[in-house]
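# Structural features, examined
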Amino acid sequence: MHKIQLRHIQQAKCLVQLLHKATMSSLPSVFVTRPDVDNSGLELLRKSCNVTSWSQTIPVPRDELLRQVKGKDALYCALTDKIDADVLDAAGAQLKCVATISVGFEHIDVQECKKRGIRVGYTPDVLTDATAELTLALLLATNRRLFEANKQVYNGGWKSWAPMWMCGQGLKNSRVGLYGFGRIGQEIAARILPFKPSQITYTTRTARPAEAAKVNAQLVDFDEMLCLSDFIVVCCSLTPDTKEIFNASAFKKMKPNCIFINTARGGVVDQNALYDALLSKRILAAGLDVTTPEPLPLDDPLLKLENIVILPHIGSADIETRKEMSRITARNILAALNGCQMEAEVI
Ligand SMILES: O=C(O)[C@H](O)CO
């Protein structure tokens, strides 16, 4: 090939590279703190943003988060990341949006974000069914002692069928109290109904008569729920009002056959008080999908109890749900970057 032609081709290549570089550098930049299922949300972001992501399954270490967020226009985070003023400072004044792949957002200092004009996105609704389903699974595993019974099959404890062996407490004719009656609480109630409880009650700040009528639930105050329920299911969000609301005094009011289920947040429970209540058989059993801290240390006293089922915060862990959570998180970011309405914004 002629020398001049070659030079022209090289110049053209260089120009394309330069243009590409220029376009890339003008794209908004996003830091993603968690890998997602099949890159569902990340693929969406990559179409119009420069995406940097933490690719390990363990949470991004704090110093790495502070380093990576610098200069970014948006942050895609999870409930394992504490997003406070230090992170926002480290990011810089150009940060426009923090979007979490969760319905809970207590890990984000929303006030601080608002003060700085940073929009906050989250993922309600999409995980309601998955979380309600898991709550039922946990409730049934706890009341019918599934894990305890399953162990006996392997450890020689299964000697023969016996009338009273491994008996649990059925939901039928029981009184179920829901603490919290938002989307998830209502779906839990709908799933409990076919088990024929004698009554479903709910305790919230605001009565929801129309929603309650659909599942035949009655509004009761906190004390009444504590004193009369055979099952208490916690499905509220963690706020200063609900922090450790299930404390020693609350457990003292419960019936000795009460089964306590929590798929909301570990922080609503005083865990030492729960431990005492279970050890002393003040209440019958507990099923937890959430604890403080997470993960629960292997030497935590709760792990020594027989009358508890503990799961590692898997309420929303179904594949399609998690993929859609990631896509919503991505769409929230794209909307915020384009100055549009977010699919779900914390306001
Ligand atoms: O807040 C949430 O989204 C759940 O706890 C985890 O999916």
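About the thresholds
- Residues numbered from 1 in each chain as written.
- Predicted model: local features only at pLDDT ≥ 70, side-chain atom pairs only at ≥ 80, totals over all residues.
- Heavy atoms only, no water.
- Near = heavy atom within 4 Å.
- Polar contact = N/O pair within 3.5 Å; in protein donor to acceptor, adjacent residues only side chain to side chain.
- Areas by Shrake-Rupley, 256 points an atom, 1.4 Å probe, with all protein chains shown as cover.
- Helix = DSSP H or I, 4+ residues; strand = E, 2+ residues; numbered from the N terminus.
- Buried < 20%, exposed > 50% of the residue type's maximum accessible area, 1.4 Å probe, protein only.
- Arc of directions from axis to C-beta.
- Contact = heavy atoms within 4.5 Å.
- Phe/Tyr/Trp six-rings, centres within 6.5 Å; stacked < 30°, edge-to-face > 60°.
- Axes fitted to C-alpha atoms, helices over the stretch in contact; angles between N-to-C directions.
- Parallel < 35°, antiparallel > 145°, perpendicular 65-115°, else oblique.
- Left-handed = near helix turned anticlockwise from the far one by under 90°.
- Nonpolar A, V, L, I, M, F, W, Y, C, P; charged D, E, K, R; others polar.
- UniProt positions renumbered as here; feature names shortened; annotations may be inferred.
- Pairing = 2+ DSSP bridges.
- Salt bridge = Lys/Arg side-chain N within 4 Å of Asp/Glu carboxyl O.

For the protein chain, an unreviewed UniProt entry supplies the name Glyoxylate reductase/hydroxypyruvate reductase and the organism Drosophila hydei.

## Regarding the site of the ligand
Around the ligand lies a shell formed by Leu79, Ser102, Val103, Gly104, Leu127, Arg265, His313, Ser316 and Met325. In this structure, an oxygen atom belonging to the ligand sits 2.6 Å away from a side-chain N or O atom of arginine 265. Note that an oxygen atom of the ligand is positioned 2.6 Å from one of the side-chain N or O atoms of serine 316. Here the ligand loses 90% of its free accessible area of 230 Å² to cover by the protein chains.

## Notes on unusual backbone geometry
In the segment running from threonine 292 into proline 293, the intervening peptide bond is cis, with an omega of -5 degrees. Topologically, proline 293 is positioned in the loop between β11 (285–288) and β12 (308–310). Here the bond from glutamate 294 into proline 295 is cis, since omega is -5 degrees, no more than 30 degrees from zero. Backbone geometry places lysine 196, a non-glycine residue, at a positive phi of 60 degrees. If you trace the backbone, lysine 196 turns up in the loop between α8 (183–192) and β7 (199–203). With a phi close to 60 degrees, lysine 281 is a non-glycine residue in the positive phi region. Tracing the sequence through the fold places lysine 281 in the loop between α12 (271–279) and β11.

## What to know about α12
Residues spaced three or four apart along an α-helix face the same direction, because each turn holds 3.6 residues. Gln271, Ala273, Leu274, Ala277 and Leu278 are the residues of α12 that are buried. Projected down its long axis, α12 carries its buried residues within an arc of 155 degrees, all on one side. α12 presents Asn272 and Leu279 as exposed residues on the side facing more than 90 degrees away from its buried surface. Looking at the buried side of α12, the elements it contacts are α11 (248–253), β10 (259–262), β11 and β12. Two or three places before asparagine 272, at the start of α12, stands the capping residue aspartate 270, its side-chain oxygen 3.1 Å from that residue's backbone nitrogen.

## Describing the packing of aromatic side chains
For the structure on display, the rule yields seven aromatic pairs. For the pair phenylalanine 181 and tyrosine 202, a centre-to-centre distance of 4.2 Å together with 25 degrees between the ring planes defines the contact as stacked. Of this pair, phenylalanine 181 sits in the loop between β6 (175–179) and α8 while tyrosine 202 sits in strand β7, and the two are 21 residues apart along the sequence. Across the pair, tyrosine 202 and phenylalanine 181 agree in class, each one buried. Through a chain of ring-to-ring contacts, the aromatic side chains of Tyr179, Phe222, Phe246, Phe251 and Phe260 assemble into a single cluster.

## What about the packing of helix α6 (residues 128–143) against α8?
Remark: α6 packs on α8, axes separated minimally by 9 Å, with the N-to-C direction vectors making an angle of 50 degrees. By the criterion of interaxial angle, the relationship of α6 to α8 is oblique. α6 and α8 meet at a crossing whose hand is right-handed. Facing Thr128, Asp129, Thr131, Ala132, Glu133, Thr135, Leu136 and Leu139 of α6, the residues of α8 in contact are Arg183, Ile184, Glu187, Ile188, Arg191 and Ile192. Of the residues in the contact of α6 with α8, the class split is six nonpolar, three polar and five charged.

## Things to note about the UniProt feature "domain: D-isomer specific 2-hydroxyacid dehydrogenase catalytic" (unreviewed entry) in the protein chain
Following the UniProt record, one finds the feature "domain: D-isomer specific 2-hydroxyacid dehydrogenase catalytic" (unreviewed entry) at residues 32–346. Each end of residues 32–346 is marked by a C-alpha atom, and these two atoms are 19 Å apart; helix forms 35% of the span and strand 14%.

## Some points on the sheet that holds strand β5 (residues 119–121)
Within the open sheet, the five strands sit side by side as β2-β1-β3-β4-β5. Their pairing is parallel. The open sheet terminates on both sides in strands that have one partner only, identified here as β2 (50–53) and β5. With strand direction ignored, the average angle separating the axes of adjacent strands in the sheet is 15 degrees. Strand direction decides the pairing type here: strand β3 (residues 74–77) and strand β4 (residues 97–100), joined by four bridges, are parallel. Of the residues in β4, the one forming a bridge with alanine 74 is cysteine 97.

## Things to note about the pattern of salt bridges
If you walk through the whole model with that rule in mind, you get 22 salt bridges. Taking the shortest distance from any N to any O, the salt bridge between glutamate 148 and arginine 145 comes out at 2.9 Å. We classify glutamate 148 as buried; its relative accessible area is 19%. A salt bridge links aspartate 223 to lysine 253; the shortest N-O distance between them is 3.2 Å. On the criterion of sequence distance, the pair formed by aspartate 223 in helix α10 (residues 222–228) and lysine 253 in helix α11 is long-range, its members being 30 residues apart. Judged by its relative accessible area of 37%, aspartate 223 falls in the partly exposed class.

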